[in-house]
Structures are given as structure tokens and as C-alpha cells.
Amino acid sequence: MSGAHKKSLAVLGATGSIGHSVLDLVARYDDRYEVVLLTGHQQVAELAELALKFRPRHVVLTGDAGFADLEARLGDSGAHLHHGMDALLACLDETPDLTINGISGIAGLLPSLRVLESGGALGLANKESLVAAGALLVEASAQHGGVILPTDSEHNAIFQVWSAQHAAAIKSITLTASGGPFLNTPLTDFAHLTADAALRHPKWQMGRKISIDSATMMNKGLEVIEACVLFDVPIEAVDVVVHPQAVVHGLVHYADGSVLAQLGAADMRVPLSYVLAWPERLPWCADGLDVLALSRLDFLPVDEARFPAVELARGAWRQGGVAPCVLNAANEVAVEAFLKGKIGFLDIIASIEHTLSAMSLGGNVDLEAVLGAHDEATATARAWIEQKGS
Ligand code: NAD
Ligand code: MG
């Protein structure tokens, strides 16, 4: 990876947790990467600070408020400043060598599609776009020569130990789950769990939405679907085990009895460095993993009575059509309502179940259908939440 050519890099959602981890790595290797585009939704001061540090050609603020502030902060910087999602999509037409999509929620879908339609490489942390419209993303990459690099830690682990040469001998894959903050909390306490408690993840520092998803384990439900899309495996071949130490991230089981796994610290810079350097590796991690410090590694089944989200997601995938999109949309609405204190912890899953049962889920899955189903599911889940609160 050395030499004169720097990889041009777009970081979408630069102000978030994924963005922070990517840019931490990039800052160590300014001889290898040239940041050409940074985007953020709301945190104008932080976005401006990143722009002054990394000097991208384009900076996009996607949220409604704060553009004048961004102009005031970056007016003299020489960067082209843009406002809104359409402007972000237009910037992607310059096709950077690599785009990292660290936007949270369905807002990541159109940027993901645009990168793949322009034949670019996409480090896809934004799992919601894979869940809502996986087939569309895979089709776009196949048609236009784009590449999706699995970036979620478990999927990146599978990607690292997936031998294309022996693909026919792959029997199944296992995704690990740390179990989140409520792994050992009795079900009788679940109705009273607060957002503050749910945001305190024992292993991973992440954005608010994915932290709540980890607490309900819907994160793992979304990841099962994500795995089916990324690796084209049947859902029966995707297992989930709880692994509280969060050291082993993913395993591939081969038909000859060998199981290959990837281990690493619970630090997104490990998978992100693989994505940044792929197909090479970035020698950023001087300390590595101290195997002797691992006193034990536990693996447990998911307690489905307390964490029904994984089965709910499996059901949505089996149902097909727009069901995964509806599951994702209802979850986004419910997580937001829970974070605002409008509903209880158990209501998150209840509102998704209601939304799935209230909608018709079949039919063609083109972009229009996905966006329509997302909007309808959003309205349905919101109505359920309003009626619950009244
Ligand atoms: P975050 O909330 O910390 O950051 C989200 C980023 O997206 C911010 O830059 C925000 O400005 C931007 N954003 C928010 N809403 C937007 C919108 N409507 N339009 C455009 N941009 C918007 O979230 P995160 O934890 O960094 O997670 C980002 C994505 O990566 C999620 O899909 C998450 O599931 C996935 N992911 C995160 C981690 C992690 O460790 N944080 C691990 C695996 C996967
Ligand atoms: Mg993950």
C-alpha cells in the first residue's frame, strides 16, 4: 500500500462513533489516505473541526439546521460546502476509492446505493440499509462493479476467515453477541429499564441507536439478516451465540470440522483498519491482543424469552418481501421513542410486532417499494406509540 497514490476516502457520518474511529486511523496514515468528503448531520462545530484537520475537498451538512454556522466556520478553508442529502449523493458521483458509510439508520440507504451504482468500494457500517434493501445493494454492486466491504465487527470477522477457495465447504457461520447491558437482568425488571441504563454498554462505545439495539438484541437480529445478504447464506446457516467477553467476533464452520474465527479487542478500529487497507493490512495496532490476559471465553445460547428480537428478525427475513424493511423501520421509530422516554423497554419489541402484523409485506422489492414500506411502517409504529401514550 505504499507508493505515491493515496487512497481517496469519503467518510459519511464523520461526526459519529464509526466516523471517529475511521478518522483516528486515517490521522495516523496521512501518507496513505486522502480524505475527499466528510459529512455530518447536526454537530456543526465538530464537522468543521474535522474538516480543518483533514482538509477534504467537500463537506456536507445533511441536517436542516446550522448551514450558515458551517459556512461561517469553514468559509475560508477552501472546502466546497454543501447542504442536504441530494448534495451528498452528488458528491459521491466523484467516486472516491473508498467510501465508509457510518450514517445511522435508513438515511444511509441512498448513499450506499449511489456508491455501488458508481462502481465504488463501500465500507458499509450502516447495517440498516442492508436490512431494508439488501437485495437492491447486492444487485447494484453486481451490475456496476461496486464492492461491499463488510464493516460491522462480526461480519468483518466472517469476511476475514471466509475462504473463497473453500466456499463450497462452508456449512454455517456464527455471529457472537456480547449480550449487551441486560444480559443478566431478570425479565421481571425489563418493563422498568431506562434509556440511561440501556445506553451503558459493557463492551462497546457506540452511537445511541445501536446501543439501544444492543440492549434489546435487535442489533443481533439485524445482523443475522445482514449476514444473509452479505454472504448469501440461508438463514438456517447463521447462528448467534452470546459471548460476554466480546473477543471472538465471528466464526466460519467448514465441512471438514475446522472452525476459523477472528479474535480482537472490542474496538471498531480493528475491523475498520481491515476495510481501509483491504486487500492489505494496516500495521496500526502495536499492542495487539494479549491472549494470556484472556482468562476465559464463554459461549452461551441466546435466551429467547428475554431477547425475542433475534427470532423476530429471523421471521421477517423468512417472510421476505418488505418484511425486513418494515422490521427495521418500526425498530427505528421505537428506539427513538424509547430514548425520548415515550415508551418502555418492552414496548420496543411490541411495537415492531404490531407493525409487522398490521402491514401487507409481499410484492416486488424495488427501491420505490422499500421507501414506501419504510414510510408506512414508520407511520404505523408511530400511531401505535401515540395510542399507547394516550
Ligand atoms: P452515531 O449516532 O454515533 O453516528 C451517526 C452519524 O450519522 C453521525 O455522523 C450523524 O451526524 C449521521 N447522521 C445521523 N442521522 C443522519 C441522517 N438522517 N442523514 C445523514 N446523516 C445522519 O452512530 P454510530 O454508532 O457511528 O453508527 C453508525 C452506523 O454504523 C449504524 O448503522 C450502526 O448500526 C453501525 N455500526 C456502528 C458500530 C459502532 O461501534 N458504533 C458498530 C457496528 C456497526
Ligand atoms: Mg456488530
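The following paragraphs examine the structure supplied in this document. (Residues numbered from 1 in each chain as written. Chains lettered and ligands numbered in written order. Predicted model: local features only at pLDDT ≥ 70, side-chain atom pairs only at ≥ 80, totals over all residues. Heavy atoms only, no water.)

1. Regarding the packing of aromatic side chains
Logical step 1: Per the stated rule, a full pass over the model turns up eight aromatic pairs.
Logical step 2: Between Phe159 and Trp278, the ring centres sit 6.2 Å apart and the planes meet at 35°, which makes this aromatic pair tilted. Here Trp278 lies in the loop between helix H11 (269-277) and helix H12 (309-319) and Phe159 lies in helix H7 (residues 153-161), a separation of 119 residues in the sequence.
Logical step 3: On the basis of relative accessibility, which here comes to 31%, the residue Trp278 falls in the partly exposed class.
Logical step 4: Judged by centre distance (5.4 Å) and plane angle (25°), the rings of Trp162 and Phe231 are stacked. Taken together, the residues Trp162 in the loop between H7 and strand S8 (170-177) and Phe231 in helix H10 (residues 218-231) connect sequence positions 69 residues apart.
Logical step 5: Owing to a relative accessible area of 23%, Trp162 belongs among the partly exposed residues under this scheme. (Phe/Tyr/Trp six-rings, centres within 6.5 Å; stacked < 30°, edge-to-face > 60°. Helix = DSSP H or I, 4+ residues; strand = E, 2+ residues; numbered from the N terminus. Buried < 20%, exposed > 50% of the residue type's maximum accessible area, 1.4 Å probe, protein only.)

2. Notes on the coordination of the magnesium ion (ligand 2)
Logical step 1: All of the protein donors around the magnesium ion (ligand 2) are Asp152 (OD), Glu154 (OE) and Glu223 (OE); their distances to the metal are 2.1 to 2.3 Å.
Logical step 2: All donors to the magnesium ion (ligand 2) come from one chain, and their sequence spacing reads D-x1-E-x68-E. Of this pair, Glu154 sits in helix H7 while Glu223 sits in helix H10, placing them 69 residues apart in sequence. No difference in accessibility class separates Glu154 from Glu223, as the two residues are buried. (Donors = N, O, S within 2.8 Å, 3.2 Å for Na, K, Ca; no water.)

3. Quick word on the sheet that holds strand S5 (residues 98-101)
Logical step 1: The strand order S4-S3-S2-S1-S5-S6-S7 describes an open sheet built from seven strands, whose pairing is parallel. With partners counted over all chains shown, the strands left at the sheet margins are strand S4 (80-83) and strand S7 (147-150), one partner each. Strand after strand, the sheet turns through a mean of 20° between neighbouring axes, direction not considered.
Logical step 2: In terms of strand pairing, strand S1 (residues 7-12) meets S5 through four bridges, oriented parallel. Bridge pairing in S5 links Leu12 to Asn101.
Logical step 3: Set on the sheet, H11 makes contact with S1, strand S2 (33-40), S5, strand S6 (121-124) and S7; between it and S5 the angle comes to about 155°. (Pairing = 2+ DSSP bridges. Axes fitted to C-alpha atoms, helices over the stretch in contact; angles between N-to-C directions. Contact = heavy atoms within 4.5 Å.)

4. Concerning helix H3 (residues 67-74)
Logical step 1: Every buried residue of H3 is accounted for by Phe67, Leu70 and Leu74. Down the axis, H3 shows its buried residues gathered within 55° of arc, on one side only. Among the exposed residues of H3, those oriented more than 90 degrees off its buried face are Ala68 and Ala72.
Logical step 2: Those residues of H3 that are buried are in contact with helix H2 (44-54), strand S3 (58-61) and S4. (Arc of directions from axis to C-beta.)

5. Side note on the layout of surface pockets
Empty space among the atoms becomes visible once a probe the size of a water molecule is rolled across them.
Logical step 1: Of the voids in this model, the second largest pocket is the one considered here, and its volume is about 330 Å³.
Logical step 2: Val270, Ser273, Trp284, Cys285 and Gly288 are the residues nearest the centre of the second largest pocket, which is lined by 18 residues in total.
Logical step 3: Secondary-structure elements contributing two or more residues to the lining of the second largest pocket are strand S11 (259-263) and H11.
Logical step 4: Here the lining of the second largest pocket gets five residues from one element, more than from any other, and that element is H11. (1 Å grid on protein atoms, 1.4 Å probe; cavity = no way out; pocket = protein on both sides within 12 Å on 5 of 7 lines; lining within 4 Å. Points joined across faces, edges and corners; volume = space filled by probe spheres on them.)

6. A look at the packing of helix H4 (residues 85-92) against helix H5 (residues 109-117)
Logical step 1: In the contact formed by H4 and H5, the axes pass within 9 Å of each other and the chain directions differ by 20°. The orientation of H4 relative to H5 falls into the category roughly parallel. H4 and H5 meet at a crossing whose hand is right-handed. Judged by residue contacts, Met85, Leu88, Leu89, Ala90 and Leu92 of H4 engage Leu110, Pro111, Arg114 and Val115 from H5. (Parallel < 35°, antiparallel > 145°, perpendicular 65-115°, else oblique. Left-handed = near helix turned anticlockwise from the far one by under 90°.)

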